[in-house]
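The chain contents come next:
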Amino acid sequence: MTMTPDPPPRGQVSRRSFLQTMGVSAAAAAVQAQAERADAAQPSSAPTTLSGPGPIEITLNVNGSDRRLTIDPATTLMEALRWHAGLTGTKEVCDRAACGTCSVLIDGRLVNSCMMLAYDAQGSRVTTIEGLARPGSLDPIQESFIRHDALQCGYCTPGLILASKALLGANPRPTLDQIKKGLAGNICRCGTYTNVFNAVLDASGQSPLMDSEAPDA
Ligand code: FES
Ligand code: FES
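Now for a quick tour of the structure. (Residues numbered from 1 in each chain as written. Chains lettered and ligands numbered in written order. Predicted model: local features only at pLDDT ≥ 70, side-chain atom pairs only at ≥ 80, totals over all residues.)

## Observations concerning the sheet that holds strand 3 (residues 103-106)
Read across the sheet, five strands follow the order 2-1-5-3-4 without closing on themselves; strand pairing throughout is mixed. Each edge of the open sheet is held by one strand with a lone partner, namely strand 2 (65-71) and strand 4 (109-112). Within the sheet, the average angular offset between the axes of one strand and its neighbour, ignoring direction, is 40°. Examined bridge by bridge, strand 3 and strand 4 share four bridges and lie antiparallel to one another. Following the sheet pairing, valine 104 is matched in strand 4 by valine 111. The strands that helix 4 (residues 157-170) touches are strand 3 and strand 4; relative to strand 3, the one it contacts most, it runs at about 35°. (Pairing = 2+ DSSP bridges. Helix = DSSP H or I, 4+ residues; strand = E, 2+ residues; numbered from the N terminus. Axes fitted to C-alpha atoms, helices over the stretch in contact; angles between N-to-C directions. Contact = placed C-beta atoms within 7 Å.)

## What to know about the packing of helix 3 (residues 140-147) against helix 4
The N-to-C vectors of helix 3 and helix 4 enclose an angle of 125°; their axes lie 10 Å apart at closest approach. As far as their axial angle goes, helix 4 and helix 3 are oblique. Relative to helix 4, the crossing made by helix 3 is right-handed. When helix 3 is examined against helix 4, the residues Ile141, Gln142 and Phe145 are found in contact with a partner set consisting of Thr157, Ile161, Ser164, Lys165 and Leu168. For the contact of helix 3 with helix 4, the residue count by class is four nonpolar, three polar and one charged. (Parallel < 35°, antiparallel > 145°, perpendicular 65-115°, else oblique. Left-handed = near helix turned anticlockwise from the far one by under 90°. Nonpolar A, V, L, I, M, F, W, Y, C, P; charged D, E, K, R; others polar.)

## Quick notes on helix 2 (residues 77-84)
All of the buried residues in helix 2 are Leu77, Met78, Glu79, Ala80 and Leu81. Where the residues of helix 2 are buried, they touch strand 1 (56-62), strand 2 and strand 3. Just downstream of helix 2, glycine 86 is the residue with a positive phi angle, here 70°. (Buried ≥ 20, exposed ≤ 12 C-beta atoms within 10 Å, placed from the backbone.)

The following block contains the structure:
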């Protein structure tokens, strides 16, 4: 016979049910974030005919410069950036729109580059982490990540910085809740979220969280 655990007393929430609720909320926010990125990855002005199946030549505008690349037609934007253009700041982890490490900006909108064909990015402005800084100066959001030590291993950091950049571009003074939702599609395995939230708050002219206000990891 299967034993069903007693429900917690009225007015109390068990640790298990709390974590289950938090997990569902976080998952829902992440799913919505990924759906928005998938929408942004829809081709806008790419040519409508596609040749192949052999290698094809494409031109990508990356960080303000046109790059002529010879690729397999099935090459994703992430692969084209990393393996053909040598821009390895765009990271690969899941290759299925679940982690956000491959985030880039397409005409200022956040996209998971593992979910978009490089061919379809033609005609758009692609911005990678290598394109944020100017000679002699980092982007303010990069400076803020450094100030708040918002990284540990750093593998998720390019994606999180670009997601923060996109968020601040659309909403220059986001609330903490809006920051959490805006970054929900970017997973940090090292758990640096509080420092990341502080970096975005600071970059938008708002006070960082105090220790007592920080959400549990
Ligand atoms: S590698 Fe693209 S979302 Fe994970
Ligand atoms: S700093 Fe290591 S995965 Fe985020």
